[in-house]
Amino acid sequence: MISSLKQPPFNYQDTIKNILRKFSIPWAVTIIFLAVILIIPMMALIFQSASLGWENFWQEATAEVAVASYIFTFGTALAASLINAVMGTLTAWVLVRYDFWGKKIIDATIDIPFALPTTVAGLVLATVYSEDGWIGRFFTPFGIQITFSPLGVFVAMLFIALPFVVRTLQPVLQEMGSEIEEASWSLGASDWQTFRLVILPPLLPAISAGVALGFSRAVGSYGTIVIIASNIPFRDLIPPVLVLQKLEQYDYVGATVIGAVLLFISLVLLLIINLLQQWGKRYADN
């Protein structure tokens, strides 16, 4: 009776055959590529930071200049993302619901921040918003300086993050159609009630995902901001520029720590974006 309950001996040959049977070249190529390009570099940064010890790591990560750059960058990116949430929603609404001359041209210009090299974008913004630039000249008489100031970083983040909100919202608005608005109006609802109770709820997941994407892009941007900002500590210095400055000073430990902090923040933002996208899918299915 006891012998009948014993498990059969482990067969290594059958196990190897099962593994080989499930093995495929596309799967292996994908895993190797992701490991070399993504996983190994991130793990190297994490292990390099861990080798410093928690006390040294915390000291470098919470240095005054580093904390000031975190607060400035995240605060500015959050403000730009909130404005883009409003203006991006309005832009997507106009592009989907209205027909007008030049619509295709305006729709194509939304993708310029994606296609334009970041340094070129920074140069263009610095030129346009300079004291004698096409737009900056209108602010100069009031003593408002845009380039080489925190305001310039804010403008650059607006420029960088806007397409994410617009492109995330456009498919949702196209699928929504105008029938639900007409049905709401036929039941006696006002324009504000229709927007607040009928239109906005289905758009919230897409708006949130677009804002999160734009926020993460603004936080990690370097090429555009480094040109339009003065890059002065405690004024408008962002963490990516701080990493470069530390490397130029041969402070590899400090650069590694700041890079590890940015990596951790990027992973958290990625998790938030995935949760928002899943929320949007569940909302659409319901």
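Residues numbered from 1 in each chain as written. Predicted model: local features only at pLDDT ≥ 70, side-chain atom pairs only at ≥ 80, totals over all residues. Heavy atoms only, no water.

Before going further, it helps to examine the nonpolar core. Of all hydrophobic cores here, the largest spans 37 residues; its most connected members are Phe57, Ala77, Val153, Met157, Ile225, Ile258 and Val261. Of all the elements in the fold, those that place two or more residues in this core are α3 (54–61), α4 (64–97), α7 (118–128), α8 (150–176), α10 (191–220), α11 (223–228), α12 (239–248) and α13 (252–285). Per element, the largest residue contribution to this core is 8 residues, and it comes from α13. (Core = buried A, V, L, I, M, F, W, Y, C linked by side-chain atoms within 4.5 Å. Buried < 20%, exposed > 50% of the residue type's maximum accessible area, 1.4 Å probe, protein only. Helix = DSSP H or I, 4+ residues; strand = E, 2+ residues; numbered from the N terminus.)

What follows concerns the UniProt feature "transmembrane region" (unreviewed entry) in the protein chain. Within this structure's numbering, the places UniProt gives as "transmembrane region" (unreviewed entry) are residues 25–47, 67–96, 108–130, 142–166, 203–232 and 252–276. For residues 67–96, the end-to-end C-alpha separation is 42 Å, with 100% helix and 0% strand making up the annotated structure. Helix makes up 74% of residues 108–130 and strand 0%, and the two end C-alpha atoms of the span are 26 Å apart. (UniProt positions renumbered as here; feature names shortened; annotations may be inferred.)

A few words on the packing of aromatic side chains. Tallied over the full model, the rule gives 6 aromatic pairs. Ring geometry for Trp54 and Phe57: centres 6.1 Å apart, planes at 20°, overall stacked. Here Trp54 and its partner Phe57 are both found in helix α3, 3 residues apart, which amounts to about one turn of the helix. Trp54 gets classed as exposed once you look at its relative accessible area, which sits at 62%. Given the relative accessible area of 16%, Phe57 is considered buried. Between Tyr250 and Tyr252, the aromatic rings sit 6.3 Å apart at their centres with planes inclined by 75°, giving edge-to-face as the arrangement. What links up through ring pairs into an aromatic cluster is the set Trp54, Phe57 and Trp58. When the ring centre of Trp93 is taken as origin, the NZ or CZ atom of Arg97, which lies over that ring, is 4.5 Å away. (Phe/Tyr/Trp six-rings, centres within 6.5 Å; stacked < 30°, edge-to-face > 60°. Lys NZ or Arg CZ within 6 Å of the ring centre and 35° of its normal.)

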